[in-house]
Amino acid sequence: MTRAKPTRTSDDRPAPPDRRRRRTLGDFAPKLAELTDDVLFEDVWNRPELAARDRSLITVAALVAGGDADQLRFHLGRAKENGVTETELIEAITHLAFYAGWPKAMTAITTAKQVFAA
């Protein structure tokens, strides 16, 4: 199931991360790492029905709503790679404060501040 991916996809979207989960989790949870790389990042993220930028905004919103700060770190960076600006991400988190909860938004904005400063 291992396929070489080009640097960019056919519709000029950034290619998925190059086997990040296999490198970090493959020896501990090989199936989860394989599913993350092959299904999530190679298949789902490259489906043409939504642009990568839109998928990034949806993913960030879901992570903020779920309070998943660790995953949010990665996806804030990915969102920027996919064309979402820092201003737009801050605005999305601010908007989510009223729908996902103030504490989750405050955690997310603190995470964003750290990510953007790095």
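**Side note on the nonpolar core**
Moving on, step 1. Core analysis: the biggest nonpolar cluster contains 16 residues, and Val60, Val64, Leu72, Leu76, Leu89 and Ile93 have the highest contact counts within it.
Moving on, step 2. For this core, the secondary structure elements donating two or more residues are α3 (52-66), α4 (69-81), α5 (86-100) and α6 (102-117).
Moving on, step 3. Of the residues forming this core, the biggest block, five residues, is contributed by α5.
Moving on, step 4. Leaving out residues up to four positions away in the same chain, Leu76 has contacts with Val60, Leu89, Thr111, Ala112, Val115 and Phe116.

**Here's the deal with the pattern of salt bridges**
Pairing is possible between side chains of opposite charge, provided their charged atoms come close.
Moving on, step 1. One pass over the full model with this rule turns up four salt bridges.
Moving on, step 2. Measuring nitrogen to oxygen at the nearest pair gives 3.5 Å for the salt bridge that ties Glu34 to Lys31. With Glu34 and Lys31 both in helix α2 (residues 30-41) and three residues apart, the pair spans about one turn of that helix.
Moving on, step 3. Judged by its relative accessible area of 22%, Glu34 falls in the partly exposed class.
Moving on, step 4. Owing to a relative accessible area of 49%, Lys31 belongs among the partly exposed residues under this scheme.
Moving on, step 5. Its salt-bridge partner being Glu88, residue Arg53 comes within 2.5 Å of it at the nearest N-O pair. With Arg53 in helix α3 and Glu88 in helix α5, the pair connects residues that are 35 residues apart, well separated along the chain.

Each value, and the rule that gives it
- Residues numbered from 1 in each chain as written.
- Predicted model: local features only at pLDDT ≥ 70, side-chain atom pairs only at ≥ 80, totals over all residues.
- Heavy atoms only, no water.
- Core = buried A, V, L, I, M, F, W, Y, C linked by side-chain atoms within 4.5 Å.
- Buried < 20%, exposed > 50% of the residue type's maximum accessible area, 1.4 Å probe, protein only.
- Helix = DSSP H or I, 4+ residues; strand = E, 2+ residues; numbered from the N terminus.
- Contact = heavy atoms within 4.5 Å.
- Salt bridge = Lys/Arg side-chain N within 4 Å of Asp/Glu carboxyl O.

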